[in-house]
Amino acid sequence: MMSARKYAAILVSLALAATIPFPVQGQTRLPNPVIYLTAIEHYSAAGNEMVRYEYDVANKAEYPAEMFMTSPALPPCGTNTRSSRSWVDIFNMFGRRLYGFCALGSPQDLGKIWFALPANEVPPSWVYIEITDRKANVKYKSNLADTVQ
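## Structural notes on the overall build of the protein chain
In step 1: The helix and strand tally for the protein chain stands at one helix and eight strands.
In step 2: Along its sequence from the N terminus, the protein chain presents helices and strands in the succession α-β-β-β-β-β-β-β-β.
In step 3: Expressed as a percentage of its 149 residues, the buried residues of the protein chain come to 40%.
In step 4: Intrachain contacts of the protein chain at a sequence separation of at least 6 include 58% that bridge at least 24 residues.
In step 5: Carbon and sulfur atoms provide 58% of the accessible area of the protein chain, an area that totals close to 8,500 Å².

Spelled out as structure tokens, the structure:
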């Protein structure tokens, strides 16, 4: 018999797969990112106890460096007018955004993505990322990754 956790992961994965866009004609589709948890760090910030969940993208080398170049011709990230062409957002398994990165400088920086929560907050069971290539207007959604080691 399948556990409720596995059943939920399958349902969320199917929902994510149904929303993956197709590339524009002539555009090569890159693989979806494959993420995994690398570390959990407890720390204090401004007197608050926090937990940072750190992730890596196993296939980050398959993404071209151009995707992470500074792109001042594209809309800024808040007041950052030197944000990158591609942005990375981390979501819980239900699609609620937890954190984002808008100025990664290279594919290697995908090995240092994270989100943080107050230490007394229960983390989501799984998270996924979306890499949004703003120039090509394509999103790449990852697998679901655990928040426990």
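From this point, the discussion proceeds with the structure in view.
## Let's talk about the sheet that holds strand 5 (residues 113-118)
In step 1: In space, the three strands of this open sheet follow the order 1-2-5, with antiparallel pairing throughout. Strand pairing shows two members of the sheet lacking a second neighbour, strand 1 (35-45) and strand 5, which therefore form its edges. On average, adjacent strands in this sheet sit at an angle of 20° to one another, irrespective of strand direction.
In step 2: Alignment of strand 1 against strand 2 (residues 48-57), held across 10 bridges, turns out to be antiparallel.

## What about the packing of aromatic side chains?
In step 1: In total, this model carries seven aromatic pairs according to the counting rule given.
In step 2: Consider the rings of Tyr 53 and Phe 115, whose centres lie 4.9 Å apart with planes at 15°: the pair is stacked. Here Tyr 53, found in strand 2, pairs with Phe 115, found in strand 5; they are 62 residues apart in sequence, far enough to count as distant.
In step 3: Exposure remark for Tyr 53: the relative accessible area of 6% places this residue in the buried category.
In step 4: Judged by relative accessible area, which is 0%, Phe 115 ranks as buried.
In step 5: Taking 6.1 Å as the distance between ring centres and 80° as the angle between the ring planes, the aromatic pair formed by Phe 101 and Trp 114 counts as edge-to-face. Here the residue Phe 101 occupies a position in strand 4 (residues 97-101), and Trp 114 occupies one in strand 5, the gap between them amounting to 13 residues.
In step 6: For Phe 101, a relative accessible area of 14% translates into the label buried.
In step 7: In this structure an aromatic cluster arises from ring pairing among Tyr 53, Tyr 55 and Phe 115.
In step 8: Arg 52 extends its terminal NZ or CZ atom over the ring of Tyr 43, reaching a point 4.5 Å from the ring centre.

## Looking at unusual backbone geometry
In step 1: Backbone geometry at Ala 46 places phi at a positive 55°, although glycine is not the residue there.
In step 2: Mapped onto the elements of the fold, Ala 46 is located in the loop between strand 1 and strand 2.
In step 3: We note that Asn 137 has phi near 60°; this positive angle belongs to a residue other than glycine.
In step 4: With respect to the secondary-structure elements, Asn 137 resides in the loop between strand 6 (126-133) and strand 7 (138-141).

## Notes on the pairing of strand 3 (residues 86-92)
In step 1: The element strand 3 is largely enclosed, with a buried count of six among its seven residues.
In step 2: By the bridge criterion, seven bridges tie strand 3 to strand 6 in an arrangement that is antiparallel. Opposite Asn 92, over in strand 6, you have Val 127 as the bridge partner.
In step 3: With four bridges joining them, strand 3 and strand 4 adopt antiparallel strand pairing. Bridge pairing in strand 4 places Asp 89 opposite Gly 100.
In step 4: Joining the antiparallel neighbours strand 3 and strand 4 is a turn of four residues, in which Gly 95 adopts a positive phi near 95°.

Procedures and definitions
Residues numbered from 1 in each chain as written. Predicted model: local features only at pLDDT ≥ 70, side-chain atom pairs only at ≥ 80, totals over all residues. Heavy atoms only, no water. Helix = DSSP H or I, 4+ residues; strand = E, 2+ residues; numbered from the N terminus. Buried < 20%, exposed > 50% of the residue type's maximum accessible area, 1.4 Å probe, protein only. Contact = heavy atoms within 4.5 Å. Areas by Shrake-Rupley, 256 points an atom, 1.4 Å probe, with all protein chains shown as cover. Pairing = 2+ DSSP bridges. Axes fitted to C-alpha atoms, helices over the stretch in contact; angles between N-to-C directions. Phe/Tyr/Trp six-rings, centres within 6.5 Å; stacked < 30°, edge-to-face > 60°. Lys NZ or Arg CZ within 6 Å of the ring centre and 35° of its normal.

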